[in-house]
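Chain residues, written in single-letter form:
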Amino acid sequence: FVVVDTIANTHKPPTKIGNSLQQQSSSSSTLDNSNMPANGSDRDEQQALLSLIQKVEGEEWASTKKGWKLNSGVPVCEWEGIGCRISVNGGSTATITSINLDNQGLSATLTSELGSLKDLEELNVKGNLITGSIPQEVANLEKLFSLDLTNNQVSGPLPQWWGSFSLNKLFLAQNQLTGEFFHNIYSPHLQSMQEVRLENNKLVGTLDGTTIMQMQKIETISLSQNDFSGLIPGFQLGSLPGLKFLYLDNNEFVGPLPSQLAQSGKSSLEEIWVQSNSLSGTVPASYVRFDMLHDFFVDGNKLTGALPLQLCSAKLNNDFFNTLPPDAERNYCEYIACPAGSVGKEGVYPCSVCPGGDAAKLENPYLGKSNVNLQCSAYSQRDILRIFYESTSQRGWSGGSDWDDSTKDVCQMTGITCDDHENIIKIGLKNRNLSGTIPDAIGFLSFLETLDLSDNNLEGFIPSDLRWTSLTRLDISGNKLRGVLPPLLCMMQELNGNGENNVYYCDRIACPANTFNTFGHHGYHGEPCQPCYDVQAPEEAYIGQKKCSNRQKPPSDGFDWKKEIETLKESGANVNVFSKVALSVATIALVMLVFLLGTRCMGGKSQPQGRHERKQMLRQRAVSSDSGSSSSGSDDDEEDPTPGYSDDVELASVGSATSRSSRNAMDLINQHKGIALSRPQKVKKAISRRLPQAQGIRTSFSNINVNSRKQRLKGSRRSIDDGYDGVVDFGDDDMDEQDEEEEDASSVENNFGEEGASVPKKKRQTDLLDIPMIS
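**Considering the overall build of the protein**
Right, on to step 1. Each helix and strand in the protein was counted, giving 17 helices and 37 strands.
Right, on to step 2. For the protein, buried positions account for 46% of its 775 residues.
Right, on to step 3. Counting contacts in the protein only where the partners sit at least 6 residues apart, residues at least 24 apart contribute 58% of the total.
Right, on to step 4. By element, 50% of the accessible surface of the protein is carried by carbon and sulfur atoms, the whole surface being about 38700 Å².

**A word on helix α2 (residues 55–62)**
Residues spaced three or four apart along an α-helix point in a common direction, a consequence of the helix completing one turn every 3.6 residues.
Right, on to step 1. By the burial criterion, the buried members of α2 are G58, W61 and A62. For α2, the angular spread of the buried residues around the axis is 95 degrees, confining them to a single face. Those residues of α2 that are exposed and angled more than 90 degrees off the buried face are V56, E59 and E60.

**Here we look at the environment of N457**
Right, on to step 1. For N457, the location among the structural elements is in strand β29 (residues 457–460).
Right, on to step 2. Classification of N457 by relative accessible area gives partly exposed; the value is 22%.
Right, on to step 3. In sequence terms N457 and L481 are 24 residues apart; their C-alpha atoms lie 8.6 Å from each other.
Right, on to step 4. Aside from chain neighbours lying at most four places away, what touches N457 is R395, N433, L434, S435, G436, N479 and K480.
Right, on to step 5. A polar contact of 3.0 Å, which involves the side chain of N457, links it to the side chain of N433.

**Comments concerning the confidence of the model for the protein**
Right, on to step 1. Of all residues in the protein, 65% have pLDDT values of 70 or greater, and the mean over the chain is 76.
Right, on to step 2. Across residues 604–609, where pLDDT falls below 50, the model places 3 contacts with residues more than four positions away in sequence or in other chains.
Right, on to step 3. Note that pLDDT drops below 50 for residues 690–704; the model gives that stretch 48 contacts with residues more than four away or on any other chain.

**As for the sheet that holds strand β18 (residues 252–256)**
Right, on to step 1. On the basis of which strands lie adjacent, the open sheet formed by 5 strands has the order β14-β16-β18-β20-β22 and parallel pairing. Bordering the open sheet on either side are β14 (204–205) and β22 (302–303), each of which pairs with just one other strand.
Right, on to step 2. Sheet analysis places strand β16 (residues 227–230) next to β18, joined by 2 bridges and oriented parallel. Bridging across to β18, S229 finds its partner in E252.

**Let's talk about unusual backbone geometry**
Right, on to step 1. The linkage connecting Y349 with the following residue, P350, adopts the cis geometry, with an omega of 0 degrees.
Right, on to step 2. On the secondary structure map, P350 appears in the loop between β23 (342–344) and β24 (351–353).
Right, on to step 3. Of note, N496 is a non-glycine position whose phi angle comes to about 50 degrees, a positive value.
Right, on to step 4. Checked against the element boundaries, N496 lands in the loop between α9 (487–490) and β32 (515–516).
Right, on to step 5. Note on N496: relative accessible area 2%, which makes it buried.

**Quick word on the nonpolar core**
Right, on to step 1. One finds W68, I99, L172 and F296 to be the most contacted residues of the largest nonpolar core, which totals 84 residues.
Right, on to step 2. Of all the secondary structure elements, the ones that give two or more residues to this core are α1 (42–50), α2, β4 (82–88), β5 (92–100), α3 (136–139) and α6 (332–336).
Right, on to step 3. Sequence-distant contacts of I99, that is, excluding residues within four places in its chain, are made with L49, G81, I82, L114, L117, L120, E122, L123 and N124.
Right, on to step 4. Among the nonpolar cores identified, the runner-up in size contains 39 residues, and L429, L458, L474 and L495 belong to it.

**Brief notes about the environment of N71**
Right, on to step 1. With respect to the helices, strands and loops of the structure, N71 is situated in the loop between α2 and β4.
Right, on to step 2. Remark: the alpha-carbon pair of N71 and Q46, spanning 25 residues in sequence, is separated by 9.0 Å.
Right, on to step 3. Once you skip the residues sitting within four places of it in the chain, N71 turns out to touch R43 and Q46.

**Considerations on the pattern of salt bridges**
Right, on to step 1. Counted under the stated rule, the structure contains 13 salt bridges.
Right, on to step 2. Residue E199 pairs with R197 through a salt bridge whose shortest N-O separation is 2.5 Å.
Right, on to step 3. For E199, a relative accessible area of 5% gives the class buried.
Right, on to step 4. A single network of salt bridges, built from pairs that share partners, joins K302, D440 and D465.

**A few points about the state of the cysteines**
Right, on to step 1. Scanning the model with the defined rule gives 8 disulfides in all.
Right, on to step 2. Between the sulfur atoms of C338 and its disulfide mate C351 the distance is 2.0 Å. Judged by the sign of its S-S torsion, about -85 degrees, the bond between C338 and C351 is left-handed. Separated by 13 residues along the polypeptide, C338 in the loop between α6 and β23 and C351 in strand β24 bring together distant segments of the chain.
Right, on to step 3. Paired by a disulfide, C411 and C418 hold their sulfur atoms 2.1 Å apart. Disulfide C411-C418: the torsion about the S-S bond is -95 degrees, which places it as left-handed.
Right, on to step 4. Taking the relative accessible area as the measure of exposure, C411 reaches 17% and is therefore buried.

**Considering the pairing of β16**
Right, on to step 1. With 2 bridges joining them, β14 and β16 adopt parallel strand pairing. Paired with G205 across the strands is F228, a residue of β16.

**Re the packing of aromatic side chains**
Right, on to step 1. In total, this model carries 16 aromatic pairs according to the counting rule given.
Right, on to step 2. With 6.4 Å between their ring centres and 15 degrees between their planes, F228 and F253 make a pair best called stacked. Residue F228 is found in strand β16, and its partner F253 is found in strand β18; the two are separated by 25 residues along the sequence. Accessibility classification places F228 together with F253 in one group, the buried group.

**Considerations on the side chain of N124**
Right, on to step 1. Relative to the elements of secondary structure, N124 occurs in strand β7 (residues 122–124).
Right, on to step 2. For N124, a relative accessible area of 1% puts it in the buried group.
Right, on to step 3. In terms of polar contacts, N124 uses its side chain to reach the backbone amide nitrogen of K126, at 3.3 Å.

**As for a nonpolar patch on the surface**
Right, on to step 1. A contiguous nonpolar patch, built from L590, L593, V594 and L597 and spanning about 390 Å² of accessible area, is present on the exposed surface.
Right, on to step 2. Looking at the element boundaries, L593 is found in helix α11 (residues 577–605).

**With respect to the side chain of N175**
Right, on to step 1. Positionally, N175 belongs in the loop between β11 (169–171) and β12 (176–178).
Right, on to step 2. Looking at N175, its side chain comes within polar contact range of the main-chain oxygen of L172, at 3.1 Å.
Right, on to step 3. The contact partners of N175, leaving out residues within four places of it in the chain, are L149, T150, N151, N152, Q153, V154, N200 and N201.

**Remarks on the sheet that holds strand β31 (residues 480–481)**
Right, on to step 1. A sheet is described by the order of its strands in space; here 3 strands give the open sequence β27-β29-β31, paired in parallel fashion. This sheet does not close on itself; its edge strands, each paired only once, are β27 (435–437) and β31.
Right, on to step 2. Across the face of the sheet, helix α8 (residues 381–392) comes into contact with β27 and β29 while running at roughly 120 degrees to β27.

What counts, and where the lines are drawn
As a convention, each chain's residues are numbered from 1 in the sequence order in which they are written. Only residues with pLDDT of at least 70 are given local features in this predicted model, and only at 80 or more are side-chain atom pairs given and counted; all residues enter the totals for whole chains, interfaces and linings. As a rule here, side-chain values come from all non-hydrogen atoms in the structure, and water together with hydrogens is ignored. Per the convention used, a helix needs a DSSP run of H or I reaching at least four residues, while a strand needs a run of E reaching at least two, with both numbered from the N terminus. Here the term buried applies to any residue with accessible area under 20% of the maximum for its type, exposed to any over 50%, and partly exposed to those in between, with areas from a 1.4 Å probe on protein chains only. In this analysis, two residues are considered to be in contact whenever any of their non-hydrogen atoms come within 4.5 Å of each other. To measure how exposed things are, a 1.4 Å probe is used in the Shrake-Rupley method; for residues, cover is taken only from the protein chains shown. Starting at the helix axis, one direction is taken to each C-beta atom, and the arc is that of these directions. Any N or O atom pair separated by 3.5 Å or less is treated as a polar contact, with the protein-specific requirement of one donor-capable and one acceptor-capable atom, and with residues adjacent in sequence counted only for side-chain atom pairs. pLDDT measures the predictor's confidence residue by residue and takes values from 0 up to 100. Between any two strands, pairing holds if DSSP finds at least two bridges. Here the nonpolar core consists of buried residues drawn from Ala, Val, Leu, Ile, Met, Phe, Trp, Tyr and Cys, with membership extended through side-chain atoms lying within 4.5 Å. Salt bridge, as applied in this entry: a Lys or Arg side-chain nitrogen positioned within 4 Å of an Asp or Glu carboxyl oxygen. We call a pair of cysteine sulfur atoms a disulfide when they lie within 2.5 Å. In summary, the pairing rule links any two rings of Phe, Tyr or Trp, Trp by its six-membered ring, whose centres are within 6.5 Å, and it sorts them by plane angle into stacked for under 30 degrees, edge-to-face for over 60 and tilted for everything else. Exposure above 30% relative accessible area and the lack of any salt bridge qualify a residue for a patch; like charges then connect within 9 Å, and the nonpolar side chains Val, Leu, Ile, Met, Phe, Trp and Tyr within 5 Å. Lines fitted to the C-alpha atoms define the axes, with helices restricted to the stretch that makes contact. Angles between their N-to-C directions range from 0 to 180 degrees.

Here it is as structure tokens:
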């Protein structure tokens, strides 16, 4: 079987032009296939390609291209933009392996018929007018190596299942894709991906760290200019050995810059773009481990503090300074972000210091603040209320509003409460039809203690700037807010009860997405957030919900392999060879486990009866020897007022006989948790089998610990007359006899209070040596 490739692909790494990434197109060339005979599937492949010719615009486009007509007389492998692989096996056959139509003015939608091109390895239609969604049939192509739909109008959800184990490049940037980033950890493409480009779309949700960990070959992850939220999974991203380019800018990520992104020995990143998010905290000192880092942008976040000095160097972000004269003064930290109390046009060098000295840092506390006019923030209370009103009055407030009245005193405005010094301490706007987003400026009302924005139509995210206020009560329930709560907001002392007993919970501020309760938060009411079983799109999963249409967990009929496999097939996730192998291995492992357990159980019941009888004789002699020196009888049926105790700890931890004699039962009870009353019949048997020479009352099966075995063996040998010449065996089958005795014993209720164990009203033995200890 001989294969002759007729295409030559050249895949070049991404190059940076300005503030955007562009992938250089792959080139293709076809050999002369005019003498190649058509195979049996030639007509089917032509029809699959012609499914791209749609409407009048498509026909006009096809009229200018070579081939691209049914029965045109031109072999399909000679059509413009088509590459084939010729195989010789008793005759020449050809299969389509590539479609390269980038920037050709094609107006079409991707059709499911393209999924019939089973040998397709490359599909490149970037820079055209492609609309519609990505068919699952295309995503299922098992030999697909590269898919480039960049700069089109592709819409619909991003497919979660891609059927190719060799998919290397997935370029879907500058479209209108919706949905979430990959979260199906079993999708084959995760194992082979090297470059994934999804910037400039409408993707939402959080990044699944478990999925990211499957992408061990990834080098480039570009998710810029979407609507992602939540925390950056730093540990998982930092564990990827080949990751070089990470672009997460212009999203809604919150929380700190993860220090574990720079793990020792795995810091291979060369470019990190996280600007224009809502990240808080400081820049980790561990980032100095990035020896290869040359682009690092963090401006436009809520980061505070100072940059690590070791991170500030001439090699970082030097693209900005190529035009500076060599003798110009340089501040390398400003290359990364302007310091707090200053502002830059782009948040980086050159930076202008805000007037007011240290006081200006209170209103401009963030690194990398940007303003085209180089204006620093200096908000009055009236300014903040005006900004808030403009941001939340897209549909007008119900009942009217006086917040836009510049002549009215701030403390007299609707919903405002001030203290004696005219500082705003409360804003109450519950159920006022607020619509829009919560502006960041609200966080600079330093004296604000209560903020109630519940039951409105607010959208967007919770600003982390609220951590600068004095809030003790915050209610944003009953809105359409998304994402997760900023961690630093959850850590605010006294906010909705947080910090009490050093306990902090984000759900005290708002129930997470896809959960609910009557109040929309755990708060002071103590009602936990319950799961909501609505099937919600990621962009409709709101935090702080007070209700959901489906509160009951759907009934489960158990796991059905056939049903699950059929579900996979219906969703396009065909069960491949890998899945079958995994299923087979799991089945074999289960069978072996059952076999081993069965063998162990059978082995425990097949112990020789002679050994069991010898141990019974041994114990009877021990009892008779002890009864001669004891004033009480040794009959098993004799009533004994002494309660029995069971200690979960090993007897070896109690110590020697000397140390035990100085401790009473209550000391033992108060020191060890989990002590329970033993069964009465077992107590009586234990008492009747006490050992002589001050060894104490104990069962011969108390523990299998090595030290307790030695103690029991020594005590038993001292109690045996030399008349028994058999072999004494205290093997593992002691536990079997213990199980037999426990089957005959009845249970006793266990009731322990804070002051220790409560015992029956009968006489209590206080000497530890007289208390039966049954493990």
